[in-house]
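Per-entry structural report
Okay, here's what each chain looks like letter by letter:
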Amino acid sequence: RKESNYWNQRDEYLGIQDNFKELPSIPIAYWASDKVLDIFHNAKKIKKVADVKSGISTTDNKLMLRLWFEVSSEKFGLGFESRELARKGNKKWFPYNKGGTFRKWYGNQEYVVNWWNDGHDIRKLIASDPAKQVGGRLVNLDYMFKYTGLSWSSISSGDLSVRYFSKGSMFDSKGPSIFINDENLELYVLGILNSKISNVFLSIMSPTLDFNIGPISSIPLVVDKMLVSGVNNIVENNLDISKIDWDSFETSWDFKQHPLLI
């Protein structure tokens, strides 16, 4: 009888191997519940409603990147909404999403990149060294400046944290970006990605906390049209609070006045 009870209890922890086929890249995630497996099977993925893109590599960040307050305001290009406008503006330094520390909703806009004359100096640097020409360095340039998007840190020691950014920005290979095809779903997707459930999915697909574009683009997205408006309102409120917090300090280029002095 004792032996029979042992095997009955043991069966509760057994999984069907074919169930793992529902998971992207088929990881052996034996702890995934039937509900999680069902969501992976039936829900569309982020990549079905968005373009998930890796950013550029300057090949020499010490030379090509600065904190925004280290450069002349006359050479700092804010608000340019295309590469062509940025080139004609004759500015040297432009906003650059590079990941950064854990922060949700908005912020970590600290770096600028030397993109004078459509990246003349970076292109020259890459051309000067054959080793730097291996692999894509200046990729997805059609997405630079033109769109609003969502960015995150591809390497993290904790949970995923995703931030909204406006037009006029470039992005780094360590700060990849998501561009939503349906404008009405942009805030909704931001809310999903910053929820606890996204970290449940990522614990299965990317247990090493390497949040590259592969697992991020494969996160399941359940879109309930009845809830989209309500979720968008909540996310917009979180976004406003986070932006106010970020802009309350001199580390923001939109800083005007410390809130305690108002």
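Note that the structure is a prediction, hence the values are computed from the model and not measured. (Residues numbered from 1 in each chain as written. Predicted model: local features only at pLDDT ≥ 70, side-chain atom pairs only at ≥ 80, totals over all residues. Heavy atoms only, no water.)

1. A word on the sheet that holds strand 5 (residues 111–114)
- Reading across the sheet, the four strands line up as 3-5-4-8 and stay open at both edges, with mixed pairing between neighbours. Either end of the sheet is taken by a strand with one partner, and the two such strands are strand 3 (65–67) and strand 8 (170–171).
- As defined by bridge partners, strand 4 (residues 93–97) adjoins strand 5 across four bridges and the pair is classed as antiparallel. Along strand 5, the bridge assignment pairs Pro95 with Val112. (Pairing = 2+ DSSP bridges. Helix = DSSP H or I, 4+ residues; strand = E, 2+ residues; numbered from the N terminus.)

2. A closer look at the packing of aromatic side chains
- According to the stated counting rule, one finds 11 aromatic pairs in the structure shown.
- Ring centres 6.1 Å apart and planes at 90° place the aromatic pair Phe165 and Phe179 in the edge-to-face group. With Phe165 in strand 7 (residues 162–165) and Phe179 in strand 9 (residues 177–180), this residue pair connects regions lying 14 residues apart in the sequence.
- For Phe179, a relative accessible area of 4% puts it in the buried group.
- Their ring planes at 55° and their centres at 5.6 Å tell us that Phe171 and Phe179 sit as a pair that is tilted. A single burial state applies to Phe171 and to Phe179, both of which are buried.
- An aromatic cluster is defined as three or more aromatic residues linked by ring pairs; in this entry it consists of Tyr143, Tyr147, Phe165, Phe171 and Phe179. (Phe/Tyr/Trp six-rings, centres within 6.5 Å; stacked < 30°, edge-to-face > 60°. Buried < 20%, exposed > 50% of the residue type's maximum accessible area, 1.4 Å probe, protein only.)

3. Side note on the sheet that holds strand 6 (residues 149–152)
- Strands sit in the order 2-9-6-7 across an open sheet of four strands; the sheet is antiparallel. The sheet terminates laterally at strand 2 (50–53) and strand 7, the two strands that pair on one side only. Neighbour-to-neighbour, the strand axes of this sheet turn through a mean angle of 25°, independent of strand direction. (Axes fitted to C-alpha atoms, helices over the stretch in contact; angles between N-to-C directions.)

4. Some remarks on the side chain of Ser57
- Mapped onto the elements, Ser57 comes out in the loop between strand 2 and helix 3 (61–64).
- According to the relative accessible area criterion, Ser57 is buried, its value standing at 19%.
- Residues within four places of Ser57 in sequence aside, it is in contact with Ile126, Arg137, Leu138 and Ser173. (Contact = heavy atoms within 4.5 Å.)

5. A closer look at the environment of Gly158
- Along the chain, Gly158 falls in the loop between strand 6 and strand 7.
- Taking the C-alpha atoms as reference points, Gly158 and Thr101, separated by 57 residues in sequence, lie 9.9 Å from one another.
- In this structure Gly158 touches Leu209 and Phe211, once residues within four positions along its chain are discounted.

6. A look at the side chain of Arg163
- Considering the arrangement of structural elements, one finds Arg163 in strand 7.
- Buried and unpaired, Arg163 has Glu110 as its nearest opposite-charge partner, separated by 8.6 Å.
- Within the structure, Arg163 has its side chain in polar contact with the backbone oxygen of Arg103 (distance 2.7 Å).
- A polar side-chain atom of Arg163 sits 3.3 Å from a polar atom in the side chain of Ser161. (Lys, Arg positive; Asp, Glu negative; His and termini not counted. Salt bridge = Lys/Arg side-chain N within 4 Å of Asp/Glu carboxyl O. Polar contact = N/O pair within 3.5 Å; in protein donor to acceptor, adjacent residues only side chain to side chain.)

7. Some details on helix 2 (residues 34–42)
- Of the residues making up helix 2, those classed as buried are Val36, Leu37, Ile39 and Phe40. Taken around the axis of helix 2, the buried residues stretch over an arc of 160°, which confines them to a single face. When the buried face of helix 2 is taken as reference, the exposed residues oriented beyond 90 degrees from it are Asp34, Lys35, His41 and Asn42.
- Looking at the packing, one finds that the buried side of helix 2 touches strand 1 (44–45), helix 7 (196–205) and strand 10 (220–221). (Arc of directions from axis to C-beta.)

8. Concerning unusual backbone geometry
- Of note in the backbone geometry, Trp105 takes a positive phi value of approximately 80° without being a glycine.
- For Trp105, the location among the structural elements is in the loop between strand 4 and strand 5.

9. Some points on the confidence of the model for the protein
- With 87% of its residues at a pLDDT of at least 70, the protein reaches an overall mean of 88.
- This model gives residues 6–10 a pLDDT under 50, and the stretch forms zero contacts once residues within four places in sequence are excluded. (pLDDT = per-residue confidence, 0-100.)

10. So, the pairing of strand 9
- A two-sided burial pattern is seen for strand 9, the buried positions comprising Ser177 and Phe179 on one face and Ile178 and Ile180 on the other.
- Of the strand pairs in this sheet, strand 2 and strand 9 are connected by four bridges, and their pairing is antiparallel. Among the inter-strand pairings, Asp51 is bridged to a residue of strand 9, identified as Phe179.

11. Details of helix 7
- Of the residues making up helix 7, those classed as buried are Ser198, Asn199, Phe201, Leu202, Ile204 and Met205.
- Against the buried residues of helix 7 lie helix 2, helix 6 (186–193), helix 8 (213–217) and strand 10.

12. Here's the deal with the environment of Ala86
- Structurally, Ala86 can be placed in helix 4 (residues 83–88).
- Under the relative-accessibility criterion, Ala86 is labelled buried at 2%.
- Spatially, the C-alpha atoms of Ala86 and Asp118 are 7.4 Å apart, while their sequence positions differ by 32 residues.
- Discounting residues that sit within four places of it in the chain, Ala86 has contacts with Phe80, Lys91, Phe94 and Phe145.

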